[in-house]
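Now for the letters of each chain:
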Amino acid sequence: MRNVVRWVLGGFLTFAGTSHLTIGREEFQAQVPEWVPVDQDLVVLGSGFAEIALGLALLSGRKRPQVGWVTAAFFVAIFPGNIAQYLEGTDGFGLDTDQARFVRLFFQPVLVAWALWSTGAWRTWRARRR
């Protein structure tokens, strides 16, 4: 079951990253908060390449716990952008109401947990502490 869930997450990230570079590029640019001191397109390209790399790493199954922690950290790192999208009322990808943008905020911790559980990262960390 963990492998299937990991593959789904890996596929999702690979698709999302590819979308950053192609069909969704402009929409992703619109979601980069104004306070980010880097060019919006560069942020979208960088996050797209990061998502593709993480997705492929999850699909490969190699170094699973390490990949799980890095993936979880990525989800934490992009969370401020999601908060900004909610606070600033920025529409994107069907998130065109305050309620939809607010509900999305609760999905980010689910993604963190998904990355840690599906790769065995949390279990490996707990086993080392014993």
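A few points on the structure. Worth saying up front: this structure is predicted, and the values here are computed from it rather than measured.

Our next topic: the overall build of the protein chain. Counting its secondary structure elements, the protein chain contains six helices and zero strands. Tracing the protein chain from N to C terminus, the helices and strands come up as α-α-α-α-α-α. Taking 14 Å as the expected radius of gyration for a compact globule of 130 residues, we find that the protein chain reaches 15 Å, a close match to that expectation. Referenced to the eigenvectors of the C-alpha coordinate spread, the extents of the protein chain come out at roughly 45 × 25 × 25 Å.

In this section: unusual backbone geometry. Positive phi is not limited to glycine here, since lysine 63 has a value of about 50°. Inspection of the secondary structure assignment puts lysine 63 in the loop between helix 3 (40-60) and helix 4 (64-88). According to the relative accessible area criterion, lysine 63 is exposed, its value standing at 62%.

This brings us to the layout of surface pockets. Looking at the largest pocket, its volume works out to about 820 Å³. Lining the largest pocket are 30 residues; nearest its centre among them are His20, Phe28, Ile78, Asn82 and Arg104. In terms of residue count, the dominant contributor to the lining of the largest pocket is helix 4 (eight residues). Its residues placed into classes, the lining of the largest pocket shows 20 nonpolar, eight polar and two charged.

Before going further, it helps to spend a moment on the pattern of salt bridges. Overall, the coordinates contain three salt bridges when judged by the stated rule. One salt bridge connects arginine 25 with aspartate 41, and the closest N-O pair in it is separated by 2.7 Å. Highlighted residues: arginine 25 in helix 2 (residues 25-31) and aspartate 41 in helix 3, separated in sequence by 16 residues. Classification of arginine 25 by relative accessible area gives partly exposed; the value is 27%. Residue classification places aspartate 41 among the partly exposed positions, given a relative accessible area of 21%. Here arginine 101 and aspartate 98 are joined by a salt bridge, their closest N and O atoms 2.8 Å apart. Linking arginine 101 with aspartate 98, this pair stays in helix 5 (residues 98-118), spanning three residues, or about one helical turn. By relative accessible area, which is 45% here, aspartate 98 ends up partly exposed.

Where helix 1 (residues 2-21) contacts helix 4, the axes come no closer than 13 Å and their chain directions differ by 45°. The angle between helix 1 and helix 4 falls in the class oblique. Once helix 1 is placed against helix 4, the crossing between them reads as left-handed. Only Arg64, Thr71 and Phe75 of helix 4 make contact with helix 1, whose side of the interface consists of Asn3, Arg6, Leu9 and Leu13. For the contact of helix 1 with helix 4, the class distribution of residues is three nonpolar, two polar and two charged.

The rules behind these values
Residues numbered from 1 in each chain as written. Predicted model: local features only at pLDDT ≥ 70, side-chain atom pairs only at ≥ 80, totals over all residues. Heavy atoms only, no water. Helix = DSSP H or I, 4+ residues; strand = E, 2+ residues; numbered from the N terminus. Rg over C-alpha atoms; globule rule 2.2 N^0.38 Å. Buried < 20%, exposed > 50% of the residue type's maximum accessible area, 1.4 Å probe, protein only. 1 Å grid on protein atoms, 1.4 Å probe; cavity = no way out; pocket = protein on both sides within 12 Å on 5 of 7 lines; lining within 4 Å. Points joined across faces, edges and corners; volume = space filled by probe spheres on them. Nonpolar A, V, L, I, M, F, W, Y, C, P; charged D, E, K, R; others polar. Salt bridge = Lys/Arg side-chain N within 4 Å of Asp/Glu carboxyl O. Axes fitted to C-alpha atoms, helices over the stretch in contact; angles between N-to-C directions. Parallel < 35°, antiparallel > 145°, perpendicular 65-115°, else oblique. Left-handed = near helix turned anticlockwise from the far one by under 90°. Contact = heavy atoms within 4.5 Å.

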